[in-house]
Amino acid sequence: MGRGAPVVTVAPPRRPAAGPAPGGRLVGVLRAALVPAALVVLVALAGVVLGRVYADPLLTRLVAGAAAGSVLVGVAARRLPSWLVAPLSVVALAGWTLLSLRLAAAHAAVPGGLGEVTVDAARNAIPRLLTAMIPVEPAPDTVLVPVVAAWLTGLTAAEVALRAGRVLLGCLPPALLYAGALYVVGPNAEPAVGPTVLFAAVAAVALAAPRRGSGPAAADPTDGLAPTVRAAVRLRLVGASAGGLAVVVALATLLAPVVAGQVDDRPVDPRRYVEPPQVESLDENPLVRISGWALNPDQRLLDVRTVDAPTGGGPPRIRLAVLSDYDGVTWRVGGTYRNAGRTLPAAEPTPGAVTEAVQQEITVAELTGRLLPAVPTPREVSGARVAYDPASGTLIRPEGLTPGLRYAVSSVRERPDENLLSTANVPAGDAVARVLRVPDGAPEPLRRLATQLAEANGAPYARADAIAAFLAEHYRVTADSPSGHAYPNLTFFLFGPRNGGGQRGTSEQFAAAFAVLGRLAGLPTRVVVGFEPKADGPVRAADAYAWPEVLFEGVGWVPFDPMPRPDTEPRPVEEDFRPQPETPPPSEVPAPTEEPSATSPVAAPAPGRDRGGVGTPVLVGGGVGGLVLLVGAALVVLAAMRRRLTRSRLDAGDPAGRVAGAWRELTDALRLAGRPVGADLAAAEVAEQARGALVEARAARSSRAGGPADGFGASADGAGASAPAPAPAPAPRMAELAGLDELADLVNRVAFAPGSVGPAGADRAAAVTADYVRALRAAQARWARLWWTVRPGPLRWRR
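It should be emphasised that the depicted structure is a prediction, and the values quoted were computed from it without experimental measurement.

1. Comments concerning the pairing of strand E1 (residues 300–308)
For step 1, the next point in the chain: Summarising the sheet, E1 and strand E15 (residues 537–540) pair through four bridges and their orientation is antiparallel. Looking at the pairing, Arg 300 lines up with Arg 540 of E15.
For step 2, the next point in the chain: By the bridge criterion, six bridges tie E1 to strand E6 (residues 354–364) in an arrangement that is antiparallel. Its bridge partner being in E6, Arg 305 is matched across the sheet by Glu 361.

So this is what it looks like as structure tokens:
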């Protein structure tokens, strides 16, 4: 080959690009599905956390379906314009919501069509969710909000993470939903440690998933740049990464102790901010309805059909309300009712008690109000939406009772072990303080009767049985007795004259009297209102009944029957109890054993003086003297506080503060003299007003003393001095008036030229103010000078 011959290079033949292998295509699909799957799991975990306070896993399944549906809609519509995604997702949301409501309505046996159920759930979803009984039964109104929130969260997360490629921001909506679920659960479940750890792990996997377009070609964002630009960009990226890491480490260092300190704290329950369903005033004290029902005994209130009940013993009592609060005037329910589903919380039966299952179908006739009758204690209610008070085991229907309302109740009735009653004790402490409370003002006869019955019977059950026996043996049941169970009503019922309407009443008075006497005797009591039907069928007003119950340790609430037996004549109360009068009648005062004779007169006690005590004049004098000492001490304290305030203003602090204090002393003096200065006046104008106030005060004092009215005294030659007259007050010196101008100048210098006033200027301001205040006070009337010294106004006037 010659020296100048061209060199020809032959490139190797280029191989055709090979398509992706089947295994690579599968890996790509898995990578693309990793982020959507993570978003579905993150949203569904919120349903797992919230489902812990629900009685059934239906809610968790519905939330998981909403999470999957919303994310799948976002994935399917990823290639469509963004404005089409929201309408498509809303249509899918409506379909899934209607399906969820239908499933929940069928699960909770909620009556009504799908449209009616949907409207009711949309109107009351949030308040019912926050006032529902724990565990919450999945019902249309308790699943609507979680399902809709989960769908909207999944839609937002999919759009941000998949369409915009911002996975970190896409994880924010599920995190907020998860935090909201934790807040709603509050302290009503165990800490969600497992779901929280899983949430963090899934979020980390989503953030670590490779993005679309990642690979060797996109490994370095600085490829194609000039070397100098590439170095600057890389340096900036390194600095940003280091700064972000430092911020994360600093936040972790600062927030870790705070978060660790909150681990053992009890979460806030949002239910305390929402008012639960309330009873009406008529239902708050149904005890007053007993007398009205007694006057209309044929009124048909209910229809009852017992489906399942133990044989023997007669129909069970139907409880309407439990009244535990008494204020001396009325008994009240005082319950906290929470919206409940078909299944009610089951309480553990009392050890040793015999439990019996009772199932009834009840149809409301003319009974009004919200209280829902049921055999105690209800466990399951179908056919009506109810609210439940677990403390008393009673029910209400928040919408109120309506004629024709039919519902089924399954209850568990407890029969206490009677062998334990004779030795059972009664509980004490804060847990039962509500049912032991005796309001102030209990009449003395009631206290003496309770003491008499308690002293004769030591054991708690013996005391309760003695109270019931006393009421049954001494009082009569009448249907026309007026309603009332306040202290005066009970006193008249127990001790009133029999021929004047006393010693008779309805079950209202018997039950209330037993409960009050029991509490006075140390027994925890309450009053129950309900019905005692004779058989299945109509329950009429004549079956309405009130009875007392007593709480025993290890036994529970035990009902007592203080009603008299039929066809028995009550014994007079006076045979077993006579309230002793507060003072003996005059006829019973013993006569003196010895009469005074004329030869040995007995000195009568002085008027207003008791024979065996201190006389009235001494008591009055002592009281007046004590009052005078008290007032004098108060005046001395006020004068000392005023003097201390003046000294702190004039002598304490830096020169500027002392000048300002002197000025406050001057303005306070003008206010005490009845010449307050306006806040808009300049210092010179205030000084001029102070000068006029002193001149006018001196002139007024001179006129009161009979001297010349010009306020400057008599002439120098002493004319008119021959006639004796009070000496006029000395005229204000010109030095005082000139000092006011000097004080105003010092105030202006402090305000507009800080640091220009030294100690000498502060001493001068204090001296001028002291002289002026002393002169202005001396020009006042005598009573005004005394009031000036002790008036508390300067101690509280705003500065």
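2. Remarks on the sheet that holds strand E11 (residues 406–415)
For step 1, the next point in the chain: What the five strands build is an open sheet, ordered E8-E11-E6-E1-E15; its pairing is antiparallel. In this open sheet, the two edge strands, each paired with only one partner strand, are strand E8 (378–382) and E15. When strand polarity is set aside, the average angle formed by the axes of neighbouring strands in this sheet is 30°.
For step 2, the next point in the chain: Across four bridges, the pairing between E8 and E11 is antiparallel.

3. Topic: the side chain of Ser 291
For step 1, the next point in the chain: Note on placement: Ser 291 falls in helix H11 (residues 289–295).
For step 2, the next point in the chain: Given a relative accessible area of 9%, Ser 291 falls into the buried group.
For step 3, the next point in the chain: Discounting chain neighbours no more than four positions away, the residues touching Ser 291 are Ala 479, Ser 481, Ser 483 and Glu 508.

4. Quick look at the pattern of salt bridges
For step 1, the next point in the chain: Applying the stated criterion to the full structure yields 24 salt bridges.
For step 2, the next point in the chain: Here Asp 327 makes a salt bridge to Arg 332, at a shortest N to O gap of 2.9 Å.
For step 3, the next point in the chain: Between Arg 658 and Asp 763 there is a salt bridge; the shortest N-O distance is 2.5 Å. With Arg 658 in helix H17 (residues 655–672) and Asp 763 in helix H20 (residues 759–778), this pair connects stretches of sequence that are 105 residues apart.
For step 4, the next point in the chain: Residue classification places Arg 658 among the buried residues on the basis of a relative accessible area of 13%.
For step 5, the next point in the chain: In this structure, a network of salt bridges that share partners links the residues Asp 120, Arg 128, Asp 141, Arg 385 and Glu 399.

Rules used throughout
- Residues numbered from 1 in each chain as written.
- Predicted model: local features only at pLDDT ≥ 70, side-chain atom pairs only at ≥ 80, totals over all residues.
- Heavy atoms only, no water.
- Pairing = 2+ DSSP bridges.
- Helix = DSSP H or I, 4+ residues; strand = E, 2+ residues; numbered from the N terminus.
- Axes fitted to C-alpha atoms, helices over the stretch in contact; angles between N-to-C directions.
- Buried < 20%, exposed > 50% of the residue type's maximum accessible area, 1.4 Å probe, protein only.
- Contact = heavy atoms within 4.5 Å.
- Salt bridge = Lys/Arg side-chain N within 4 Å of Asp/Glu carboxyl O.

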